[in-house]
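# Residue-level structure breakdown
This is what each chain is made of:
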There are 2 protein chains.
Amino acid sequence: MTYTAPSSNTIDNIISQTKFDDKGLISAIAQAPNGDILMLAWMNADALKETLSTGRICYWSRSRQTLWRKGETSGQQQHLLEARIDCDMDAILLIVDQKGVACHTGRRSCFYHGVTPSGLKDTSQPEISAEELYKKA
Amino acid sequence: MTYTAPSSNTIDNIISQTKFDDKGLISAIAQAPNGDILMLAWMNADALKETLSTGRICYWSRSRQTLWRKGETSGQQQHLLEARIDCDMDAILLIVDQKGVACHTGRRSCFYHGVTPSGLKDTSQPEISAEELYKKA
């Protein structure tokens, strides 16, 4: 899989069809080529435009209220292989090449609180410490 | 994979740790066991409780503002195999056994608007017509 960016006009056309919510956001799922779900985050129109233009994943950080070029402080970048928008045009699936781990806890995937009969149990362990992760920038 | 429901108390404890947004919702990703992403939808606390208690997926319909037992009108039910909540406790990944197709357009997955250099192109075709789908209930 290799991602080829559409022209700027084509990207604008895609964005004009996208249904952003009342906060101007769509949901974005990042998935590895092997099917593993890495994380779920958010994009506004600017983040979507930058992502589709450059092929490097850029989200919108709701907590920091700013564009969030994934990996800008940790080095754990995501590069786009394929993008598909859903039937309602309000969510996007990103197949990505993930450098290192996706989760800020040092785990490969953010989805690690497994529901078990005795409550939530971690389904994976950190591959790198948060200290080491944020030292790498 | 077989899902075993926790006790009611354990489910209440999981829900008390879940971070619902200002509309009382979390994002929910439905994934097939082979890794295919089927859809993204929403759950409020009641939908999450019903899903974890019964093992049958129940979302919250934002358009209808009601609990949405997936497949209640189409017969295309989803049954839980595994559930994992993310690091921020505001999104849940559901590995599901999907009866028939997930998308209301009759496609297996809702994510079918592929981004290509010449714009959005369908990456899959309907396996069943909407007419037939909503006649099955």
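What counts, and where the lines are drawn
Residues numbered from 1 in each chain as written. Chains lettered and ligands numbered in written order. Predicted model: local features only at pLDDT ≥ 70, side-chain atom pairs only at ≥ 80, totals over all residues. Heavy atoms only, no water. UniProt positions renumbered as here; feature names shortened; annotations may be inferred. Contact = heavy atoms within 4.5 Å. Buried area = accessible area lost by both parts, 1.4 Å probe. Salt bridge = Lys/Arg side-chain N within 4 Å of Asp/Glu carboxyl O. Polar contact = N/O pair within 3.5 Å; in protein donor to acceptor, adjacent residues only side chain to side chain. Helix = DSSP H or I, 4+ residues; strand = E, 2+ residues; numbered from the N terminus. Axes fitted to C-alpha atoms, helices over the stretch in contact; angles between N-to-C directions. Parallel < 35°, antiparallel > 145°, perpendicular 65-115°, else oblique. Left-handed = near helix turned anticlockwise from the far one by under 90°. Nonpolar A, V, L, I, M, F, W, Y, C, P; charged D, E, K, R; others polar.

- For chain A, an unreviewed UniProt entry supplies the name Phosphoribosyl-AMP cyclohydrolase and the organism Swingsia samuiensis.
- We quote the UniProt Subunit (unreviewed entry) comment for chain A here in full: "Homodimer."
- UniProt's Subcellular location (unreviewed entry) comment on chain A is quoted here verbatim: "Cytoplasm".

## Concerning the interface of chain B and chain A
- Chain B puts 44 residues into the contact, and the matching count from chain A is 44 residues.
- For chain B, the biggest contributors to the area lost against chain A are B:C87, B:F111 and B:V115; these three give 20% of the whole.
- Counting every contact that joins chain B to chain A gives four salt bridges.
- A salt bridge links A:D22 to B:K23; the nearest nitrogen and oxygen atoms lie 3.0 Å apart.
- Applying the counting rule to chain B against chain A returns 16 residue pairs in polar contact (both at pLDDT 80 or more).
- Looking at the side of chain B that touches chain A, the elements with two or more residues in it are α1 (8–17), β1 (26–31), β2 (37–43), β5 (78–86), β6 (91–98), β7 (111–116) and β8 (119–122) of chain B.
- Of the residues forming the side of chain B that touches chain A, the biggest block, six residues, is contributed by β7(B).

## Here we look at the pattern of salt bridges
Residues and elements named next belong to chain B.
- The final tally for this structure, using the stated rule, is 14 salt bridges over all chains.
- Notably, a salt bridge pairs D122 with R107, separated by 2.9 Å at the nearest N-O pair. Remark: R107 occurs in the loop between β6 and β7 and D122 occurs in strand β8; sequence separation between them is 15 residues.

## Here we look at the UniProt feature "domain: Phosphoribosyl-AMP cyclohydrolase" (unreviewed entry) in chain A
- In this structure's numbering, the residues bearing the UniProt feature "domain: Phosphoribosyl-AMP cyclohydrolase" (unreviewed entry) are residues 39–112 of chain A.
- Split by type, residues 39–112 of chain A is 14% helix and 43% strand. Its first and last C-alpha atoms lie 10 Å apart.

## Remarks on the packing of helix α1 (residues 8–17) of chain A against helix α2 (residues 45–54) of chain A
All names here are of chain A.
- Running from N to C, α1 and α2 cross one another at 140°; their axes reach a closest spacing of 10 Å. Relative to α2, α1 is oriented oblique. Crossing hand, α1 versus α2: right-handed. Each of S8, I11, D12, I14 and I15 in α1 lies in contact with α2, whose residues at this interface are A45, L48, K49, L52 and S53.
- Tallied by class, residues from the contact of α1 with α2 come to six nonpolar, two polar and two charged.

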